[in-house]
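Architecture and fold: a report
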Amino acid sequence: TMQSSGHRFRDVEHHPLLADNDAFDSSSSEADMAERVWFIRDGCGMVCAIMTWLLVVYADFVVTFVMLLPSKDFWYSLINGVLFNCLAVLALSSHLRTMLTDPGAVPKGNATKEYMDNLQLKPGEVIYKCPKCCSIKPERAHHCSICKRCIRKMDHHCPWVNNCVGEKNQRFFVLFTMYIALISAHALVLCGFQFFSCVRGQWTECSDFSPPVTVILMIFLCLEGFLFLTFTAVMFGTQIHSICNDETEIERLKSEKPTWERRLRWEGMKSVFGGQPSLLWINPFAGFRIRQLLLRGKKGGPEFSV
């Protein structure tokens, strides 16, 4: 523990403050962050994110070209095709929003004397500094070794979305798990109907592909659908439970005693999804501003925050 400006500055390791010439300007940093695209340059995470997209595209291909288009029932193909593809678009959009949204990163290097003086802390008040990213850690923030930042209300780091799940992108992650679970269940139901139809018709005119190829494609889709449905349904339930209990997964695993006032279950849902219940809760496009994205492009292209 070290004394600084009448208050105590505490961290796990004795880590020196930034030099004066590296002073942190919070106002300029927040403005700069607004002009950047958040993206984690992690090899494993990028591979997992690409795999997620490829698996969704594969499922869409099998459902559309192997099962629905060859069907003689026009309305069956149309309704299921539109429904499946809409859910797929919503799932991939939620994935993108989760991956490219700042999860609530604490500005790097804000543990300076000038910044602490601006906090107007009471004499003797204890604040904590992260020795890894030289930032003042807000309550309930945790350091992510992959993002190399402290994240507010960090729930966990998910390689499938190549990002942390935190204060600002948890809603998109919940939507991602929900829509993936829905399209997985839909694909499994369609596979069941297709197998029944093919067996009843003795595999004649069942698909534009040969029977062996059709069977192989559908078996892989069933395995993919079952695994994704199980994983995302469990994750969706875990996330909703955490939101209702106002407790992150890290806090639950560490059995941290809450030093904050827990929100009521409904208040927790409204704080994550925003406002009163409406269709905006399940809309991954809500809050997306194309104009700002175009302006960033005119300024010389997006920058990486991390």
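Residues numbered from 1 in each chain as written. Predicted model: local features only at pLDDT ≥ 70, side-chain atom pairs only at ≥ 80, totals over all residues. Heavy atoms only, no water.

An unreviewed UniProt entry lists the chain under the name Palmitoyltransferase, with Sapayoa aenigma given as the organism. The record held by UniProt for the chain lists under Subcellular location (unreviewed entry) the comment "Membrane". The heading Catalytic activity (unreviewed entry) in the UniProt record of the chain holds the text "L-cysteinyl-[protein] + hexadecanoyl-CoA = S-hexadecanoyl-L-cysteinyl-[protein] + CoA". (UniProt positions renumbered as here; feature names shortened; annotations may be inferred.)

Assignment of secondary structure puts Ala91 in helix 3 (residues 74-100). Assessed through its relative accessible area of 0%, Ala91 is described here as buried. Put simply, Ala91 and Met178 are 87 residues apart on the chain and 8.0 Å apart in space, counted from C-alpha to C-alpha. Leaving out residues up to four positions away in the same chain, Ala91 has contacts with Phe176, Tyr179 and Ile180. (Helix = DSSP H or I, 4+ residues; strand = E, 2+ residues; numbered from the N terminus. Buried < 20%, exposed > 50% of the residue type's maximum accessible area, 1.4 Å probe, protein only. Contact = heavy atoms within 4.5 Å.)

Every buried residue of helix 8 (residues 265-273) is accounted for by Gly268, Met269, Lys270, Val272 and Phe273. On the buried face of helix 8, the contacting elements are helix 5 (170-200) and helix 6 (211-245). Backbone geometry just after helix 8 places Gly274 at a positive phi near 90°.

Now for the nonpolar core. With 37 residues, the main nonpolar core has Val63, Met67, Phe173, Ile180, Leu221 and Phe273 as its most contacted residues. Put simply, the parts of the chain that give this core at least two residues each are helix 2 (43-68), helix 3, helix 5, helix 6 and helix 8. When residues of this core are assigned to their parent elements, the largest contribution, eleven residues, is made by helix 5. In contact with Leu221, other than residues within four places in its own chain, are Tyr58, Ala59, Val62, Val63, Met67, Ala187 and Cys191. Ranked by size, the runner-up nonpolar core spans nine residues in total, among them Trp38, Cys144, Ile151 and Cys164. (Core = buried A, V, L, I, M, F, W, Y, C linked by side-chain atoms within 4.5 Å.)

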